[in-house]
Amino acid sequence: MPRYRRILLKLSGEALMGNDSYGINRSTIVRMVREVQQVTRLGCEVAVVIGGGNIFRGVAGGSVGMDRATADYMGMLATVMNALALADTMRQEGMTARVMSAIAIEQVVEPYVRPKALQYLEEGKVVVFAAGTGNPFFTTDTAAALRGAEIGAEVVLKATKVDGVYTADPNKDPSAERYTTISFDEAISRNLQVMDATAFALCRDQKLPIKVFSIFKPGALERVVMGADEGTLVHV
(Lines give C-alpha, C1' and ligand atoms only; values in the text may rest on other atoms or scores of the structure.)
Protein backbone atom coordinates (compact mmCIF):
# COMPACT_ATOMS: atom_id res chain seq x y z
CA MET A 1 0.00 0.00 0.00
CA PRO A 2 1.34 3.45 -0.86
CA ARG A 3 2.05 5.74 2.05
CA TYR A 4 0.48 8.68 0.23
CA ARG A 5 -2.94 8.50 -1.41
CA ARG A 6 -2.78 11.89 -3.17
CA ILE A 7 0.40 13.72 -4.13
CA LEU A 8 1.38 16.99 -5.78
CA LEU A 9 4.51 16.48 -7.88
CA LYS A 10 6.52 19.63 -8.68
CA LEU A 11 8.65 19.21 -11.80
CA SER A 12 11.00 21.90 -13.02
CA GLY A 13 11.04 22.71 -16.70
CA GLU A 14 14.80 22.09 -16.66
CA ALA A 15 14.14 18.47 -15.66
CA LEU A 16 12.61 17.90 -19.11
CA MET A 17 15.77 19.00 -20.94
CA GLY A 18 17.80 15.89 -20.15
CA ASN A 19 21.30 16.68 -21.37
CA ASP A 20 20.06 19.19 -23.93
CA SER A 21 20.69 22.92 -23.49
CA TYR A 22 17.00 23.82 -23.82
CA GLY A 23 13.66 22.38 -24.96
CA ILE A 24 12.22 18.94 -24.24
CA ASN A 25 14.29 15.79 -24.50
CA ARG A 26 12.05 13.01 -25.77
CA SER A 27 13.62 10.10 -23.90
CA THR A 28 13.70 12.14 -20.66
CA ILE A 29 10.02 13.07 -20.74
CA VAL A 30 9.03 9.46 -21.56
CA ARG A 31 11.09 8.16 -18.63
CA MET A 32 9.50 10.67 -16.25
CA VAL A 33 6.00 9.82 -17.45
CA ARG A 34 6.70 6.12 -16.86
CA GLU A 35 7.81 6.93 -13.32
CA VAL A 36 4.46 8.70 -12.75
CA GLN A 37 2.64 5.76 -14.35
CA GLN A 38 4.23 3.40 -11.82
CA VAL A 39 2.75 5.29 -8.87
CA THR A 40 -0.69 5.64 -10.48
CA ARG A 41 -0.74 1.85 -10.81
CA LEU A 42 -0.25 1.67 -7.05
CA GLY A 43 -3.53 3.57 -6.66
CA CYS A 44 -1.95 6.96 -5.96
CA GLU A 45 -3.74 10.09 -7.21
CA VAL A 46 -1.24 12.38 -8.94
CA ALA A 47 -1.33 16.09 -9.72
CA VAL A 48 1.66 17.80 -11.36
CA VAL A 49 2.85 21.40 -11.41
CA ILE A 50 5.38 21.99 -14.16
CA GLY A 51 7.86 24.84 -14.56
CA GLY A 52 8.95 26.51 -17.79
CA GLY A 53 12.69 27.11 -17.45
CA ASN A 54 13.62 24.77 -20.30
CA ILE A 55 11.68 26.91 -22.78
CA PHE A 56 11.81 30.35 -21.22
CA ARG A 57 15.53 30.14 -20.54
CA GLY A 58 16.00 29.78 -24.29
CA VAL A 59 14.30 33.17 -24.84
CA ALA A 60 15.28 34.79 -21.55
CA GLY A 61 17.96 36.89 -23.23
CA GLY A 62 15.16 38.73 -24.99
CA SER A 63 13.53 39.53 -21.64
CA VAL A 64 16.51 41.51 -20.34
CA GLY A 65 15.26 44.97 -19.43
CA MET A 66 11.68 43.81 -19.87
CA ASP A 67 8.94 44.59 -17.38
CA ARG A 68 8.99 41.85 -14.70
CA ALA A 69 5.27 41.11 -15.00
CA THR A 70 5.53 40.70 -18.79
CA ALA A 71 8.50 38.36 -18.42
CA ASP A 72 6.60 36.32 -15.81
CA TYR A 73 3.62 35.94 -18.16
CA MET A 74 6.00 34.68 -20.85
CA GLY A 75 7.27 32.12 -18.34
CA MET A 76 3.70 31.05 -17.54
CA LEU A 77 3.00 30.42 -21.23
CA ALA A 78 6.13 28.25 -21.36
CA THR A 79 4.67 26.08 -18.60
CA VAL A 80 1.52 25.58 -20.70
CA MET A 81 3.69 24.24 -23.54
CA ASN A 82 5.41 21.84 -21.14
CA ALA A 83 2.09 20.73 -19.67
CA LEU A 84 0.75 19.92 -23.14
CA ALA A 85 3.88 17.91 -23.94
CA LEU A 86 3.62 16.05 -20.63
CA ALA A 87 -0.08 15.23 -21.11
CA ASP A 88 0.47 14.09 -24.69
CA THR A 89 3.32 11.81 -23.63
CA MET A 90 1.06 10.37 -20.93
CA ARG A 91 -1.62 9.72 -23.56
CA GLN A 92 0.91 7.86 -25.71
CA GLU A 93 1.84 5.74 -22.69
CA GLY A 94 -1.80 4.76 -22.15
CA MET A 95 -2.57 7.18 -19.34
CA THR A 96 -5.33 9.79 -19.08
CA ALA A 97 -4.20 13.32 -18.23
CA ARG A 98 -5.97 16.66 -18.03
CA VAL A 99 -4.20 20.01 -18.34
CA MET A 100 -5.73 22.85 -16.34
CA SER A 101 -4.37 26.36 -16.82
CA ALA A 102 -4.46 29.27 -14.37
CA ILE A 103 -4.57 31.56 -17.44
CA ALA A 104 -7.57 31.22 -19.76
CA ILE A 105 -6.52 29.71 -23.10
CA GLU A 106 -9.69 27.73 -23.64
CA GLN A 107 -9.00 26.76 -27.25
CA VAL A 108 -5.93 24.91 -26.02
CA VAL A 109 -6.46 23.81 -22.39
CA GLU A 110 -9.27 23.99 -19.90
CA PRO A 111 -9.22 26.58 -17.11
CA TYR A 112 -8.35 25.59 -13.57
CA VAL A 113 -11.52 24.86 -11.63
CA ARG A 114 -10.94 23.24 -8.27
CA PRO A 115 -14.02 20.94 -8.11
CA LYS A 116 -13.24 19.69 -11.62
CA ALA A 117 -9.62 19.00 -10.67
CA LEU A 118 -10.78 17.01 -7.63
CA GLN A 119 -13.20 15.05 -9.81
CA TYR A 120 -10.44 14.16 -12.28
CA LEU A 121 -8.16 12.97 -9.46
CA GLU A 122 -10.92 10.79 -8.00
CA GLU A 123 -11.46 9.30 -11.46
CA GLY A 124 -7.80 8.27 -11.59
CA LYS A 125 -6.73 10.89 -14.12
CA VAL A 126 -3.43 12.75 -13.77
CA VAL A 127 -4.02 16.50 -13.49
CA VAL A 128 -1.29 18.78 -14.86
CA PHE A 129 -1.52 22.34 -13.55
CA ALA A 130 -0.12 24.91 -15.96
CA ALA A 131 0.57 28.67 -15.90
CA GLY A 132 1.70 28.74 -12.29
CA THR A 133 -0.68 30.66 -10.04
CA GLY A 134 -1.81 32.83 -12.96
CA ASN A 135 -0.16 35.85 -11.33
CA PRO A 136 3.23 37.46 -11.96
CA PHE A 137 5.81 37.62 -9.14
CA PHE A 138 4.96 34.09 -7.95
CA THR A 139 7.07 31.06 -8.82
CA THR A 140 5.90 27.60 -9.85
CA ASP A 141 7.12 26.46 -6.40
CA THR A 142 4.43 28.70 -4.94
CA ALA A 143 1.93 27.29 -7.44
CA ALA A 144 2.83 23.77 -6.25
CA ALA A 145 2.27 24.73 -2.61
CA LEU A 146 -1.01 26.48 -3.45
CA ARG A 147 -2.44 23.70 -5.62
CA GLY A 148 -1.23 21.05 -3.18
CA ALA A 149 -3.16 22.75 -0.38
CA GLU A 150 -6.23 23.27 -2.57
CA ILE A 151 -6.56 19.66 -3.69
CA GLY A 152 -5.85 18.22 -0.25
CA ALA A 153 -2.56 16.57 -1.25
CA GLU A 154 -0.86 14.70 1.58
CA VAL A 155 2.60 15.82 0.45
CA VAL A 156 4.32 18.08 -2.07
CA LEU A 157 7.04 16.13 -3.86
CA LYS A 158 9.73 18.48 -5.13
CA ALA A 159 11.70 16.71 -7.85
CA THR A 160 15.25 18.03 -8.14
CA LYS A 161 18.67 17.04 -9.41
CA VAL A 162 19.89 16.07 -5.92
CA ASP A 163 18.47 13.26 -3.81
CA GLY A 164 17.42 15.37 -0.84
CA VAL A 165 18.42 18.29 1.36
CA TYR A 166 22.04 18.26 2.51
CA THR A 167 24.02 19.97 5.25
CA ALA A 168 26.06 21.60 2.44
CA ASP A 169 26.23 21.47 -1.35
CA PRO A 170 27.10 17.80 -2.01
CA ASN A 171 28.71 18.75 -5.35
CA LYS A 172 31.19 21.02 -3.54
CA ASP A 173 31.53 19.35 -0.15
CA PRO A 174 32.05 15.55 -0.17
CA SER A 175 31.41 15.42 3.59
CA ALA A 176 27.89 16.86 3.19
CA GLU A 177 25.23 14.64 4.74
CA ARG A 178 21.65 14.16 3.64
CA TYR A 179 18.86 14.92 6.09
CA THR A 180 16.31 12.10 6.26
CA THR A 181 13.80 14.43 7.91
CA ILE A 182 13.98 18.04 9.01
CA SER A 183 11.43 20.46 10.44
CA PHE A 184 10.34 23.64 8.67
CA ASP A 185 11.81 25.70 11.50
CA GLU A 186 15.17 23.91 11.31
CA ALA A 187 15.30 24.39 7.54
CA ILE A 188 14.66 28.12 8.00
CA SER A 189 17.19 28.56 10.81
CA ARG A 190 19.87 26.72 8.81
CA ASN A 191 18.97 28.70 5.69
CA LEU A 192 18.45 25.56 3.62
CA GLN A 193 17.03 26.49 0.24
CA VAL A 194 14.26 23.90 -0.01
CA MET A 195 11.77 26.05 -1.93
CA ASP A 196 11.33 29.75 -2.38
CA ALA A 197 10.23 31.58 0.78
CA THR A 198 6.59 32.12 -0.23
CA ALA A 199 6.02 28.46 -1.13
CA PHE A 200 7.84 27.29 1.97
CA ALA A 201 5.79 29.54 4.26
CA LEU A 202 2.53 28.39 2.67
CA CYS A 203 3.40 24.71 3.16
CA ARG A 204 4.42 25.36 6.75
CA ASP A 205 1.20 27.26 7.52
CA GLN A 206 -0.95 24.55 5.95
CA LYS A 207 1.07 21.78 7.66
CA LEU A 208 1.72 20.33 4.21
CA PRO A 209 4.96 18.33 4.23
CA ILE A 210 7.51 18.65 1.43
CA LYS A 211 9.57 15.72 0.19
CA VAL A 212 12.69 16.64 -1.78
CA PHE A 213 14.07 13.85 -3.97
CA SER A 214 15.93 13.25 -7.23
CA ILE A 215 13.73 12.65 -10.26
CA PHE A 216 16.83 11.37 -12.07
CA LYS A 217 17.15 8.27 -9.84
CA PRO A 218 15.20 5.42 -11.47
CA GLY A 219 12.31 4.30 -9.26
CA ALA A 220 12.82 7.12 -6.74
CA LEU A 221 9.27 8.46 -7.12
CA GLU A 222 7.80 5.03 -6.39
CA ARG A 223 10.05 4.59 -3.35
CA VAL A 224 8.97 8.00 -2.02
CA VAL A 225 5.29 7.15 -2.45
CA MET A 226 5.81 3.80 -0.71
CA GLY A 227 7.42 5.54 2.28
CA ALA A 228 10.99 4.25 1.75
CA ASP A 229 14.08 6.16 2.92
CA GLU A 230 14.38 8.31 -0.19
CA GLY A 231 15.09 12.04 -0.24
CA THR A 232 14.35 14.43 2.64
CA LEU A 233 11.01 15.00 4.34
CA VAL A 234 10.42 18.57 5.54
CA HIS A 235 7.61 18.61 8.11
CA VAL A 236 6.02 20.67 10.87
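Residues numbered from 1 in each chain as written. Predicted model: local features only at pLDDT ≥ 70, side-chain atom pairs only at ≥ 80, totals over all residues. Heavy atoms only, no water.

Draft legend 1. Quick peek at the overall build of the chain. Helix and strand counts for the chain come out as eight helices and nine strands. For 236 residues, the compact-globule estimate of 2.2 N^0.38 gives 18 Å, and the chain sits close to it at 17 Å. Across its three principal directions, the C-alpha atoms of the chain cover 50 × 45 × 35 Å. By residue count, 52% of the 236 residues in the chain fall in the buried class. (Helix = DSSP H or I, 4+ residues; strand = E, 2+ residues; numbered from the N terminus. Rg over C-alpha atoms; globule rule 2.2 N^0.38 Å. Buried < 20%, exposed > 50% of the residue type's maximum accessible area, 1.4 Å probe, protein only.)

Draft legend 2. Spatial organisation of the side chain of K10. Checked against the element boundaries, K10 lands in strand β1 (residues 6–11). A polar atom in the side chain of K10 sits 3.4 Å from the side chain of D141. Dropping the residues within four chain positions of it, K10 is found in contact with V49, T140, D141, A144, L157, K158 and A159. (Polar contact = N/O pair within 3.5 Å; in protein donor to acceptor, adjacent residues only side chain to side chain. Contact = heavy atoms within 4.5 Å.)

Draft legend 3. The arrangement of the sheet that holds strand β5 (residues 126–130) in detail. An order of β4-β3-β5-β2-β1-β6-β8-β9-β7 is seen for the nine strands of this open sheet, with the pairing classed as mixed. Among the strands making up the open sheet, the edge pair consists of β4 (110–111) and β7 (181–183). Note: strand β8 (residues 210–214) against strand β9 (residues 232–235), three bridges, orientation antiparallel. Note on β9: the bridge partner recorded for V212 is T232. (Pairing = 2+ DSSP bridges.)

Draft legend 4. Main features of helix α3 (residues 68–92). Its 25 residues place the ends of α3 37 Å apart at the C-alpha level, agreeing with the 36 Å of an ideal helix rising 1.5 Å per residue. G94 sits one or two positions beyond α3 and adopts a positive phi of about 85°. (Expected span 1.5 Å × (residues − 1).)

Draft legend 5. Up close: the nonpolar core. Among the nonpolar cores identified, the biggest contains 41 residues, and I7, L9, L11, V126, L157, F213 and L221 are the most heavily contacted of them. Elements supplying a minimum of two residues to this core: β1, α1 (26–41), β2 (45–50), α3, β3 (97–101), β5, β6 (155–160) and α8 (220–225). The element contributing the most residues to this core is α3, with seven residues. Discounting chain neighbours no more than four positions away, the residues touching L11 are M32, V48, V49, I50, G51, L86, A159 and I215. The next biggest cluster of nonpolar side chains, apart from the first, holds 32 residues, and it includes A143, A187, L192 and C203. (Core = buried A, V, L, I, M, F, W, Y, C linked by side-chain atoms within 4.5 Å.)

Draft legend 6. Summary view of the layout of surface pockets. For the largest pocket, the calculated volume is near 380 Å³. Lining the largest pocket are 22 residues, with G52, G75, T79, T139 and T140 positioned closest to its centre. At the level of elements, α2 (53–59) and α3 are the ones that each hand at least two residues to the lining of the largest pocket. When residues in the lining of the largest pocket are grouped by element, the largest group, six residues, is from α3. When grouped by side-chain class, the residues that make up the lining of the largest pocket number five nonpolar, 12 polar and five charged. Space inside the second largest pocket adds up to approximately 210 Å³. In terms of lining, the second largest pocket is formed by 14 residues, of which the most central are V162, G164, V165, Y166 and Q193. (1 Å grid on protein atoms, 1.4 Å probe; cavity = no way out; pocket = protein on both sides within 12 Å on 5 of 7 lines; lining within 4 Å. Points joined across faces, edges and corners; volume = space filled by probe spheres on them. Nonpolar A, V, L, I, M, F, W, Y, C, P; charged D, E, K, R; others polar.)

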